[in-house]
Amino acid sequence: MSIIEASGLTKSFMQAVKEPGLKGAVKHLFVPKHIEKVAVKPLDLRIEAGEMVAYVGPNGAGKSTTIKMLTGILMPTAGSILVNGVNPYKKRMENAAQIGAVFGQRTQLWWDIAIAESFSLLKDIYHIPDAVYKRNLECFIELLGMDEFMHLSARKLSLGQRMRADLAAALLHNPPILYLDEPTIGLDVSVKQKIREFIKQINQERQTTVMLTTHDLGDIEDLCQRLIIIDHGSIIYDGSLSEVKARFARDRMIFFQLGAPMPEMLKDQLLLIPGLRLARQSELEFSVAFDRNEYTASDIVSRVMKLGEVVDFRMEDANIEQVIKAVYEGNLDLGQSREEREVLSVHAVH
């Protein structure tokens, strides 16, 4: 059995519709009108133990609503959920004991007491054995570099310090499942890397299942092998990150640096190759964009090296931001937007 199972999961809300001003408020009081807002349409979800899954989508897609149903905060309108064998909204206490959650915009730490005291309170709340608590606390302090601020209250911590403390607090009781909602929002590069390395280590050593919602595309590429994309309450993609790149981002680009300017006649030979698009940065630098399904990188490099003196080259794939954008737009064969292709065409070397 999967550690997280959802079948036909649906959530809808009734939203009040009223005219502006006092007249509208009075009218709504006597003749109320409501419309149904479907936040999550019937969806099926299976996550195996030990997986790290990115659950992404645009604002309002239904990500947070799904997480709130999985954590037991919201009751689904329809469908069924089992989280590690437990119905999260019927057995909230039992479910809370087996999950950890980090929300980038909120903290679970007590605002006016030292971090060490917050951890001690969590130990009592979750009934963590002394040996487990001591071992976990020592491990997290070392891995997350928290020794310097354990004596400070949450209100005195920087954002990066608070996020590290929140992450440790969520994992003190050894939960098999960890929900992360924007865990690196607003953090600098060094703190982001420290948190990512910590999450990867916890996943590898303890087989903690991680479900990540984020707009930070670096988190996705660095942490997750599986990508689930939701839009307008429906899952529109569920598969590996490499697969979605291969399917939705076929374009690759190679940047070349030449030792001497390439004669125009040789450039024309490149342009005659079907499917290649050239863009020039200078006399000694240009790029070639191509479809990975039509050519390999070695094909392109070998062709260019026969025509000119190549000093150096580098290759770029579409980044995850372009990939997700392509999925949203239904672009099955492009990793670049139409505008990017038009710019490339305008600057083509003739």
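For the structure given in this document, a descriptive report is provided here.

Conventions we followed
Residues numbered from 1 in each chain as written. Predicted model: local features only at pLDDT ≥ 70, side-chain atom pairs only at ≥ 80, totals over all residues. Heavy atoms only, no water. Buried < 20%, exposed > 50% of the residue type's maximum accessible area, 1.4 Å probe, protein only. Helix = DSSP H or I, 4+ residues; strand = E, 2+ residues; numbered from the N terminus. Pairing = 2+ DSSP bridges. Salt bridge = Lys/Arg side-chain N within 4 Å of Asp/Glu carboxyl O. Axes fitted to C-alpha atoms, helices over the stretch in contact; angles between N-to-C directions. Parallel < 35°, antiparallel > 145°, perpendicular 65-115°, else oblique. Contact = heavy atoms within 4.5 Å. Nonpolar A, V, L, I, M, F, W, Y, C, P; charged D, E, K, R; others polar. Patch = residues over 30% accessible without salt bridge, like charges linked within 9 Å, V, L, I, M, F, W, Y side chains within 5 Å. Areas by Shrake-Rupley, 256 points an atom, 1.4 Å probe, with all protein chains shown as cover. Core = buried A, V, L, I, M, F, W, Y, C linked by side-chain atoms within 4.5 Å. Arc of directions from axis to C-beta. Phe/Tyr/Trp six-rings, centres within 6.5 Å; stacked < 30°, edge-to-face > 60°. Lys NZ or Arg CZ within 6 Å of the ring centre and 35° of its normal.

To continue, consider the pairing of strand β10 (residues 251-258). Of all eight residues in β10, seven are buried, a share of seventy percent or more. Pairing geometry for β10 and strand β12 (residues 285-291), over seven bridges, is antiparallel. Paired with Arg252 across the two strands is Phe290, which belongs to β12. Sheet analysis places β10 next to strand β13 (residues 310-317), joined by seven bridges and oriented antiparallel.

What follows is about the pattern of salt bridges. A complete count under the given rule lists nine salt bridges for this structure. One network of salt bridges, in which partners are shared, links Glu51, Arg226 and Asp238.

Before going further, it helps to spend a moment on the packing of helix α5 (residues 130-144) against helix α7 (residues 189-206). Between α5 and α7, the least distance of the axes is 10 Å, while the angle of their chain directions is 140°. Overall, the two elements α5 and α7 adopt an arrangement that is oblique. Contact with α5, carried on its side by Asn136, Cys139, Phe140, Leu143 and Leu144, involves Lys194, Phe198, Gln201, Ile202 and Arg206 of α7 and no other residues of that element. Counted by class, the contact of α5 with α7 contains six nonpolar, two polar and two charged residues.

Looking now at a nonpolar patch on the surface. Taken together, Leu22, Val26, Leu29, Phe30 and Val31 make up a surface patch of nonpolar side chains, about 580 Å² in accessible area. Relative to the elements of secondary structure, Val31 occurs in the loop between α1 (21-30) and β2 (34-47).

One finds Phe119, Met146, Leu167 and Leu227 to be the most contacted residues of the largest nonpolar core, which totals 53 residues. With seven residues, helix α6 (residues 159-171) is the single largest residue contributor to this core. Setting aside residues no more than four positions away along its own chain, Phe119 makes contact with Leu109, Tyr133, Leu137, Met146, Met150, Ala165, Ala168, Ala169 and Leu172. Counting 23 residues, the second-largest nonpolar core is a separate cluster that includes Ile3, Leu45, Ile47 and Ile67.

This paragraph deals with the sheet that holds strand β9 (residues 234-240). Sheet architecture is open: six strands sit in the order β5-β6-β7-β3-β8-β9, paired in mixed fashion. The outermost strands of the open sheet, each flanked by one partner alone, are β5 (99-103) and β9. On average, each strand axis in the sheet is tilted by 15° relative to the strand beside it, whichever way the strands run. The pairing of strand β3 (residues 52-56) with strand β8 (residues 226-231) spans four bridges and is parallel. By the bridge assignment, Val53 is partnered in β8 with Arg226. Of the strands in this sheet, β5 and β6 (177-181) touch α6, which is tilted by about 165° from β5.

Before going further, it helps to spend a moment on helix α4 (residues 115-125). Residues Ile115, Ser118, Phe119, Leu122 and Lys123 constitute the buried set of α4. The arc that holds the buried residues of α4, viewed along the axis, is 145°, so those residues lie on one side. Buried residues along α4 sit in contact with α5 and α6. His127 sits one or two residues past α4 and shows a positive phi near 55°.

With that out of the way, let us pick up the sheet that holds strand β4 (residues 78-83). Each strand in a sheet pairs with its neighbour through backbone hydrogen bonds, running either in the same direction (parallel) or in the opposite one (antiparallel). Taken in spatial order, the three strands make up an open sheet running β2-β1-β4, and their pairing is antiparallel. Both edges of this open sheet fall to β2 and β4, since each of them pairs with a single strand only. For this sheet, the mean inter-axis angle between neighbouring strands, taken without regard to orientation, is 30°. With 10 bridges joining them, strand β1 (residues 4-16) and β2 adopt antiparallel strand pairing. Note that in β2 the partner of Glu5 across the bridge is Arg46. Strands β1, β2 and β4 of the sheet are contacted by helix α2 (residues 63-71), whose axis makes an angle of about 120° with β1.

Tallied over the entire structure, the rule returns three aromatic pairs. On the numbers, 5.5 Å between centres and 25° between planes, the contact of Phe256 with Phe286 is stacked. Of the two residues, Phe256 is situated in strand β10 and Phe286 in strand β12; the sequence distance between them amounts to 30 residues. Residue class for Phe286 comes out buried when judged on its relative accessible area of 6%. Ring centres 6.0 Å apart and planes at 40° place the aromatic pair Phe256 and Phe313 in the tilted group. Of the two residues, Phe256 sits in strand β10 while Phe313 sits in strand β13, which places them 57 residues apart along the sequence. Looking at Phe313, the relative accessible area reads 40%, which means it is partly exposed. An aromatic cluster is present here, built from Phe256, Phe286 and Phe313 joined pairwise through their rings. Directly above the ring of Tyr133 sits Lys123, whose terminal nitrogen or CZ lies 5.9 Å from the centroid.

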